[in-house]
Amino acid sequence: MLLLICLCGATYSAVIERPLKEIDFYQLYNVADPEASISLRSKRSTLDRIADHGYPVEHHHVITEDGYVVGVFRIPYSHKLQNQNEVRPIVLIQHGLMSCSDAWILGGPDDALPYLLADAGYDVWLGNGRGNTYSRNHTTRSTKHPDFWKFSWHEIAYYDIAAMIDYALSTENGLQQKEESIHYVGHSQGTTVFFTLMSMRPEYNKKIRTAHMFAPVAIMKNMENRLVRALSPYLGYHNVYSSLFGSQEFIPGNGFLLSLFFNTCEPDLWARPVCLRAMDSLYANGRVNITAMPEGMATHPAGCSTNQILHYMQENQSGHFRQYDYGKAKNLKIYGSEQPPDYPVELITSAVHLWYSDNDDMAAVEDVETIAKRLPNVFMHHMEDPLWDHADYALNWEIRELVNEPVIAIMEAYEMGLSQV
């Protein structure tokens, strides 16, 4: 923050009479004299980061039924196995709120789930919901169009996840063969959208082999996150506050600031020591992969619509897992009732594995157990570590042993025709 304040002060003194919108920050800080400038390097994408570790990687653009273009990254096979000519089971991995595909590869090739899956012989797809860093396009409108941001995680589920599943299944996978179903892994909002899609379009259950929900978020009645509990009484209803906050980009994309964060935390760049000292002070308990944290800081937050946040606030206030609340008048037009209907999770017939913990302030044990009772085909995986929290699924030092390898073992059991455990 001190670095950011200093940079802002320097910028203001240099252009004191010019409106901010006319300032070219890159030109100011990338001048000819290297001793008088701060040189900002372009941000690396998920593709760049995966390729740096030697894995084959592809960037796909998937068009949804309602015209959004979502970015999906693929590790088609393992360079270690050279199994590109073999049929490989498909796995789709979906990120949480204000996150993106970069979150899944933070741990590197020795620990991160996508790399481990690829090395186990899987065809790995990393999704990105509409509105984040890699999904800011539409077939007919730009991000500046007032309607672009009129979506919640309901639309991400109903359109984006469905499109990703269908696209992955339609893509040739070894010997020109196409698969009929996939494995799915989601974290936080990545679990919410799975529950939503499989409830609203139950035909997609046939396309799921196993589903793994890390920190499952559906019912939020008992969640303990202080910020949500403080704001949801104001934003968790259709009122003037939510109307002012809704249908906007949350944390608007600012190329200069995003590049600044990237350059602060990327290896071998000029401000890396600042980021490392911040990580050491914030995460000194030895539980977090300090090597992974800077990459997380360099790529997050990845952006979203404010409606996604409002929808979660509504869930907290209502105690229900239900569709978006537009207010009584609009609800009557859309749903035929003054209150939005609950998602019929009883229609989720696919095998759902819930991974949850006692110390998760976003996914309370009571709420996880409540939704589990409504799922016809559910398997519970309680994390024994009493300190395991919401972010540990990506950043804990023991993520490979405690989560990733057990998940892969369950997928392998399915592929060998063994019963679910």
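Up top you'll find the structure we're talking about.
Residues numbered from 1 in each chain as written. Predicted model: local features only at pLDDT ≥ 70, side-chain atom pairs only at ≥ 80, totals over all residues. Heavy atoms only, no water.

1. Some details on the side chain of R88
Link 1 in the chain: Its place among the elements puts R88 in the loop between β2 (68–75) and β3 (90–94).
Link 2 in the chain: Buried and unpaired, R88 has D123 as its nearest opposite-charge partner, separated by 4.3 Å. (Helix = DSSP H or I, 4+ residues; strand = E, 2+ residues; numbered from the N terminus. Buried < 20%, exposed > 50% of the residue type's maximum accessible area, 1.4 Å probe, protein only. Lys, Arg positive; Asp, Glu negative; His and termini not counted. Salt bridge = Lys/Arg side-chain N within 4 Å of Asp/Glu carboxyl O.)

2. Describing helix α14 (residues 365–374)
Link 1 in the chain: Along α14, the residues that are buried comprise V365, D367, V368, I371 and A372. Down the axis, α14 shows its buried residues gathered within 165 degrees of arc, on one side only.
Link 2 in the chain: Buried positions along α14 lie against β10 (352–356) and β11 (378–382). (Arc of directions from axis to C-beta. Contact = heavy atoms within 4.5 Å.)

3. Considering the pattern of salt bridges
Link 1 in the chain: This model, assessed by the stated rule, comprises 16 salt bridges.
Link 2 in the chain: Ionic pairing is found between R44 and D52, a salt bridge with its closest N-O pair at 2.3 Å.
Link 3 in the chain: According to the relative accessible area criterion, R44 is partly exposed, its value standing at 22%.
Link 4 in the chain: The class of D52 is exposed, set by a relative accessible area of 51%.
Link 5 in the chain: Close ionic contact of D102 with R49 constitutes a salt bridge, the shortest N to O distance being 3.9 Å. On the criterion of sequence distance, the pair formed by D102 in the loop between β3 and α4 (113–119) and R49 in helix α3 (residues 46–52) is long-range, its members being 53 residues apart. Here the two residues D102 and R49 agree in accessibility, since each one is buried.

4. What about the packing of helix α7 (residues 226–235) against helix α12 (residues 306–318)?
When two helices pack together, their arrangement is captured by the angle between the axes and the distance separating the axes.
Link 1 in the chain: Between α7 and α12, the least distance of the axes is 9 Å, while the angle of their chain directions is 95 degrees. By the angle between their axes, α7 is roughly perpendicular relative to α12. Where α7 approaches α12, its residues V228, R229, L231, S232, P233 and L235 are matched on the opposing element by L310, M313, N316 and Q317.
Link 2 in the chain: Considered class by class, the residues forming the contact of α7 with α12 number six nonpolar, three polar and one charged. (Axes fitted to C-alpha atoms, helices over the stretch in contact; angles between N-to-C directions. Parallel < 35°, antiparallel > 145°, perpendicular 65-115°, else oblique. Nonpolar A, V, L, I, M, F, W, Y, C, P; charged D, E, K, R; others polar.)

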